[in-house]
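Summary of the model geometry
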Amino acid sequence: MADKLLIVMVNTDPANPSELGAPFFQATVAAAMEYEVEVILTARAGELAIKGVAEKLYVQEGSEKSVYDFIKDAHEAGVSFKVCTPTLDLWGNDLIPEIEETVGGAYVISEAMDDDTVTFTY
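Conventions we followed
- Residues numbered from 1 in each chain as written.
- Predicted model: local features only at pLDDT ≥ 70, side-chain atom pairs only at ≥ 80, totals over all residues.
- Heavy atoms only, no water.
- Buried < 20%, exposed > 50% of the residue type's maximum accessible area, 1.4 Å probe, protein only.
- Helix = DSSP H or I, 4+ residues; strand = E, 2+ residues; numbered from the N terminus.
- Arc of directions from axis to C-beta.
- Contact = heavy atoms within 4.5 Å.
- Polar contact = N/O pair within 3.5 Å; in protein donor to acceptor, adjacent residues only side chain to side chain.
- Salt bridge = Lys/Arg side-chain N within 4 Å of Asp/Glu carboxyl O.

You'll find the protein entered in an unreviewed UniProt entry as Peroxiredoxin, with Acidihalobacter yilgarnensis given as the organism.

The structure is reproduced here in structure tokens:
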């Protein structure tokens, strides 16, 4: 059985914040279940790695909990956050402190192909 969950956020658009809760919530739950969990932000979702972006987004209108709060909860639970290098070209490099590493496409492919890893994409 796999012991690592890799969540690649590539198709999730910050313009639709109602889509953003599930991946971070599932990452938090998996970390609480003591799985190794990585979230990789890339393409349009990579914008969430930029300071100030996720703070302004709310999964549900009227909620007091921002998308950035979901990210912080996941990180506190042990989730590792990474951003893909091309994302920096699109959105800049003023990153939230939860981003632990910048990785390239070869890293994503290598991790996704590992037999001990289950990969979810959003």
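Before going further, it helps to spend a moment on helix H2 (residues 67-77). All buried positions along H2 are accounted for by Val67, Tyr68, Phe70, Ile71 and Ala74. Around the axis of H2, the buried residues are gathered within 155° of arc, so they sit on the same side. Where the residues of H2 are buried, they touch helix H1 (21-32) and strand E3 (80-84). For H2, the side-chain oxygen to backbone nitrogen distance between the N-cap and tyrosine 68 is 3.2 Å, and the N-cap itself is serine 66. Following H2 by one or two positions, glycine 78 adopts a phi angle in the positive range, close to 115°.

Let us look at the pattern of salt bridges. Taken as a whole and assessed by the stated rule, the structure comprises 10 salt bridges. Where lysine 82 meets glutamate 101, a salt bridge forms, and the shortest distance between an N and an O atom there is 2.7 Å. In this pair, lysine 82 is assigned in strand E3 and glutamate 101 in strand E4 (residues 99-103), connecting sequence segments 19 residues apart.

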